[in-house]
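This is what each chain is made of:
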Amino acid sequence: HTTTMSCKAIDLSHHLNELSRSRVASPLKDIIKYMGEPGMISLAGGLPHPSLFPFGEVNTKIYAPDADLQSTGCTPNSPVDVSIPKYASPSNKNTLSSALQYGTSHGSAALSSFIRAFTSRVMNPGYSDFDILLNSGNTDAWNKVVNILCEYGDYILVEEYTYPSSQALWAPMRCKGVPILIDKDGMVPEALEVVLRDWDRVHPGVKRPHLLYLVPVGQNPTGATLSLERKKAIYNICVEYDVIICEDDPYYFLQFPKYVLPSQRNSEQYPDANEHLNPNSPGFEFDEQTLIDSLIPTFLSLDVQGRVIRLDTFSKTLGPGNRLGYFICNPVFAERLLRATEVTTQAASGWSQAHVEGLLTSWGQKGFLRWMIAMRDTYTTRREWMCDIIAESFDLVPSPEGIVDDVVAVQKDHGSTKDAITVPLFSFSFPKGGMFLWIKLYLSSNSIYQTMLKESQSSGTTAEAAVATTIEWAEAFWMDLIKEKVLLTPGSYYTPIIGAGGMKHTQPGVTFFRLAFSFETREEMKLGIERMAKVFERWWM
Ligand code: PMP
Ligand code: PLP
């Protein structure tokens, strides 16, 4: 990632919606900057006096950044003490009297400057005047982005399967998703280009979408990770058609080495595992640059115009209950987001800011990156568990022509061969990042589906009947999984809303489920997938 950062953001203010253009600064927040002037006696702000905050001091234990998470499980092996006193001392300015007080909506200056240094080092944005603004996590962040950029009824470009909370936010604004084809490597740039190029012809008189929402790494729900080439292609298309990219990237540091099936592994060691990134390998010696270089650059790194709004969150790195994240974007958008923050959340929670600031200052930049190695390693192991267990419970065969996933699962010992998959149950790709594995079920080989379809075709057109039967089948299959006590997330949660009344984009004859490998133990995962295999067996008898 070597840009010179000589350029500044271009003027993209025409993307702001009417609401945001009309918003003025909160007058109360405006006076705060004068309060800090030397010698000022402020009779202006209605600040509660900190002596009346009933919290004396916080002392907390944090893990060392190189804690051995795999062997200790839940207990820190060498905890580090962090103290947040009530009042400042020369050695500690992270205090409860300021964390619990009103302040500017920028939040803690020390925390923001840590994040700025981290961002510059790891993401190296392609323009110099980017801004950082704290928020309450990516959910809050996306709400604020829509709040400054979208009008009622806008079309928003989304992945063909998209993060459901993101669309639940805009659906009541009568906005609609424009699903862009994805494959196992994420959004297909050519598909995006076609939609934008043909927009005026296909949708005469309708405003062309100007916002693209995507999850570039370990996509939720499909687990797909965009390559650098695809990111560049998508960025260039967005420049050409003047589209703002919102990259919601909670899983950026969870980029894994390639998965290899147990039957193709020569040893426990992965053929392409970089020993300098594997904390369990004998040659391991932590080097920040090796980690940074191993990561696919972000859209932010490619951005030379200020066209990308990056949403970063501590939810997956330090815990979702922190409700702490940050925007990185051009200064005009950052100022409008600040105005939107002043009148809504005011600031990220002071408790969170103080605790995260305490932790990050104790760890330092290097420690935080070292923590990412431990996390990445832990989730890589969990990805291995899940893929290995699926390989034990089903027969996995390479995908034939026409199936873009890595492998097809067939029933164990049902005699499918490499060239003739008699009964494909589902296909999937081995996740290269994130927390999810996404399976695609093929209903054409399912006799229950065929019977349901025949019955329903008497009462409607063939295409409508196939969509309705697919939905009905998936619901019944899901209920049967639940009866067997294994819970997956139905693919229908992620299908974009494309029309009025919540109308969704559903493909007939195939259906999807999302499996998370982030949470359950290996034993639980094994039991869960065995239960899932039982349900498949019942439905494909
Ligand atoms: N409403 C009124 C009437 C207030 O006086 C204040 C605080 N000055 C607020 C709202 C802001 O409250 P909070 O800090 O809970 O967001
Ligand atoms: N965006 C995506 C793509 C997610 O997967 C998640 C969490 O599941 C979130 C946002 C929520 O993030 P936060 O906890 O920062 O609001």
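A quick note: this is a predicted structure, and the numbers were derived from the prediction, not measured.

Draft legend 1. Region of the structure containing the overall build of the chain. Helix and strand counts for the chain stand at 18 helices and 19 strands. With respect to the three principal axes, the spread of C-alpha positions in the chain is 85 × 60 × 45 Å. Relative to its 541 residues, the chain shows a buried fraction of 39%. Of the contacts formed within the chain by residues at least 6 apart in sequence, a portion of 69% connects residues at least 24 apart.

Draft legend 2. Geometry of the sheet that holds strand 16 (residues 489-490). An order of 12-13-14-15-19-16 is seen for the six strands of this open sheet, with the pairing classed as antiparallel. Each edge of the open sheet is held by one strand with a lone partner, namely strand 12 (395-398) and strand 16. Sheet topology places strand 15 (residues 436-442) next to strand 19 (residues 510-516); seven bridges connect them, and they run antiparallel. Paired with I439 across the bridge in strand 19 is F513.

Draft legend 3. Region of the structure containing the packing of helix 6 (residues 138-149) against helix 14 (residues 331-342). The N-to-C vectors of helix 6 and helix 14 enclose an angle of 110°; their axes lie 10 Å apart at closest approach. Considering their axes alone, helix 6 and helix 14 lie roughly perpendicular with respect to each other. Here K144, N147 and I148 of helix 6 lie close against helix 14, whose contacting residues are F333, R336, L337, A340 and T341. Looking at the contact of helix 6 with helix 14, its residues break down into four nonpolar, two polar and two charged.

Draft legend 4. Fine view of the environment of E160. With respect to the helices and strands, the residue E160 is situated in the loop between strand 4 (155-159) and helix 7 (164-170). Assessed through the 19 C-beta atoms surrounding it within 10 Å, E160 is described here as partly exposed. Setting aside its immediate chain neighbours within four residues, E160 contacts P179, I180, L181 and I182.

Draft legend 5. Region of interest: the packing of helix 16 (residues 447-457) against helix 17 (residues 462-483). Orientation of helix 16 relative to helix 17, taken along the N-to-C sense of each, is 135°, at an axis distance of 9 Å. As far as their axial angle goes, helix 17 and helix 16 are oblique. Between helix 16 and helix 17 lies a crossing whose hand is right-handed. Counting all contacts with helix 16, which are made through Y449, M452, L453, S456 and Q457, the residues of helix 17 involved are T462, A465, A466, A468, T469, E472 and W473. Classifying every residue of the contact of helix 16 with helix 17 by side-chain character gives seven nonpolar, four polar and one charged.

Draft legend 6. Spatial organisation of the confidence of the model for the chain. When pLDDT is averaged across the chain, the result is 92; 94% of the residues are at 70 or more. Scoring of the predicted complex yields 0.93 for pTM and 0.77 for ipTM.

Draft legend 7. Expanded view of the nonpolar core. Judged by nonpolar contacts, the single largest core of 121 residues is most densely connected at L211 and F327. When residues in this core are grouped by element, the largest group, 14 residues, is from helix 15 (residues 350-393). Summarising the domain contributions, this core has at least three residues from each of domain 1 (13-57 + 110-250 + 298-363) and domain 2 (394-539). F327 has contacts with L133, N135, A141, I309, L311, A334 and L337, leaving out every residue within four places of it along the chain.

Draft legend 8. Representation of the pairing of strand 13 (residues 407-410) within the structure. Residues V407 and A409 point to one face of strand 13 and V408 and V410 to the other, with burial holding for every one of them. Here four bridges tie strand 12 to strand 13, and the two strands are oriented antiparallel to one another. Within strand 13, the position partnered with P398 by the bridge is V407. Pairing geometry for strand 13 and strand 14 (residues 424-428), over four bridges, is antiparallel. Paired with A409 across the bridge in strand 14 is F426.

Draft legend 9. Representation of unusual backbone geometry. With an omega dihedral of 20°, the bond running from N220 to P221 counts as a cis peptide bond. Within the secondary structure layout, P221 lies in the loop between strand 8 (211-214) and helix 10 (228-240). Of note, the phi angle at R323 is positive, near 45°, even though the residue is not glycine. Checked against the element boundaries, R323 lands in the loop between helix 13 (315-318) and strand 11 (325-329). We note that Q346 has phi near 65°; this positive angle belongs to a residue other than glycine.

Calculation rules
Residues numbered from 1 in each chain as written. Chains lettered and ligands numbered in written order. Predicted model: local features only at pLDDT ≥ 70, side-chain atom pairs only at ≥ 80, totals over all residues. Helix = DSSP H or I, 4+ residues; strand = E, 2+ residues; numbered from the N terminus. Buried ≥ 20, exposed ≤ 12 C-beta atoms within 10 Å, placed from the backbone. Contact = placed C-beta atoms within 7 Å. Pairing = 2+ DSSP bridges. Axes fitted to C-alpha atoms, helices over the stretch in contact; angles between N-to-C directions. Parallel < 35°, antiparallel > 145°, perpendicular 65-115°, else oblique. Nonpolar A, V, L, I, M, F, W, Y, C, P; charged D, E, K, R; others polar. Left-handed = near helix turned anticlockwise from the far one by under 90°. pLDDT = per-residue confidence, 0-100. Core = buried A, V, L, I, M, F, W, Y, C linked by C-beta atoms within 7 Å. Domains from an automatic or database assignment.

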